[in-house]
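What follows is each chain in one-letter form.
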Amino acid sequence: MKITAKTLAPVAIVAAFGLGTLAPQAQTPAQKIGFVNVATLLASHPNDKDIKAIQTKADAELQVLDKQVKAIDAKGAAATAADKQQRDTLVKTIQAKAADYDKQIDPKITAVEKSVDTAVSVIAKSNGYAVVMDRDVAAKSGLVIYADPGTDVTAAAVKALKP
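Residues numbered from 1 in each chain as written. Predicted model: local features only at pLDDT ≥ 70, side-chain atom pairs only at ≥ 80, totals over all residues. Heavy atoms only, no water.

(A) Fine view of the overall build of the chain. Tallying secondary structure elements over the chain gives 6 helices and 2 strands in all. Counting every position in the chain, which comprises 163 residues, the buried fraction comes to 23%. Expressed as a percentage of contacts within the chain between residues at least 6 apart in sequence, the contacts between residues at least 24 apart total 81%. For the chain, the exposed surface amounts to about 11800 Å²; the carbon and sulfur share of it is 62%. (Helix = DSSP H or I, 4+ residues; strand = E, 2+ residues; numbered from the N terminus. Buried < 20%, exposed > 50% of the residue type's maximum accessible area, 1.4 Å probe, protein only. Contact = heavy atoms within 4.5 Å. Areas by Shrake-Rupley, 256 points an atom, 1.4 Å probe, with all protein chains shown as cover.)

This is how it looks when you write it as structure tokens:
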């Protein structure tokens, strides 16, 4: 029986593949995971006071109008046509004022969120973290059961937020 290159080729491929699986595999380095308290970061941002002031003003103004609507609703079937008209006007006013407050507050919230994201990104990259998660979300979802307190980078991110 003569052994030719044609008969050895499949055997050589299988042998090479088999030997390749026996070679030690390169291990990927462990990836660092960090956690932040996003609520703390948002509250620590310098613009948080402006946002809360707008929210407080909106709540105070809209609650007064909402009480008037509820008073009309409490009348039930005894409400007159004028009451129903006033209720409709109040609801439209509430919606318009809420939309106005949203227009005031949305750009501020967007700027704060972007700033917080940037601060977390800078801290993560400078400390070699591959992933940074919101601590509260990770804990409540059951995604993370235990995390070493040393993995919390909230304080560093707060410092990065301060001008």
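Resuming the write-up.
(B) Examining the pattern of salt bridges more closely. By the definition in use, this model includes 7 salt bridges. Note that lysine 70 is salt-bridged to aspartate 66, the shortest N-O span being 3.2 Å. One end of the pair, lysine 70, and the other, aspartate 66, are both in helix H3 (residues 48–75), 4 residues apart, so they sit about a helical turn from each other. For lysine 70, a relative accessible area of 53% gives the class exposed. A salt bridge links lysine 75 to aspartate 83; the shortest N-O distance between them is 3.0 Å. (Salt bridge = Lys/Arg side-chain N within 4 Å of Asp/Glu carboxyl O.)

(C) Main features of the side chain of aspartate 83. Within the secondary structure, aspartate 83 is located in helix H4 (residues 81–126). With near-sequence residues (within four places) excluded, aspartate 83 lies in contact with Ile72 and Lys75.

(D) Fine view of helix H6 (residues 154–161). Of all the positions in H6, only Thr154, Ala157, Val158 and Leu161 are classed as buried. Buried residues in H6, looked at end-on, bunch into an arc of 105°, giving them a common side. Exposed positions of H6 whose direction lies more than 90 degrees from the buried face are Ala155 and Lys159. At its buried positions, H6 is contacted by strand E1 (32–36), helix H2 (38–44) and H4. (Arc of directions from axis to C-beta.)

(E) Expanded view of H3. The terminal C-alpha atoms of H3 lie 40 Å apart, and with 28 residues this matches the ideal 40 Å at 1.5 Å per residue to within 8%. Every buried residue belonging to H3 is among Asp48, Ile51, Ile54, Ala58, Leu62, Leu65, Val69 and Ile72, and all of these are buried. Those residues of H3 that are buried are in contact with H2 and H4. Positioned one or two residues after H3, glycine 76 has a phi angle of 60°, which is positive. (Expected span 1.5 Å × (residues − 1).)

(F) Main features of the nonpolar core. Ranked by size, the top nonpolar core spans 18 residues in total, and within it Val36, Leu41, Val116, Val120, Val153, Ala157 and Leu161 carry the most contacts. Those elements that provide at least two residues to this core are H3, H4 and H6. With 8 residues, H4 is the single largest residue contributor to this core. The next biggest cluster of nonpolar side chains, apart from the first, holds 6 residues, and it includes Leu65, Val69, Ile72 and Leu90. (Core = buried A, V, L, I, M, F, W, Y, C linked by side-chain atoms within 4.5 Å.)

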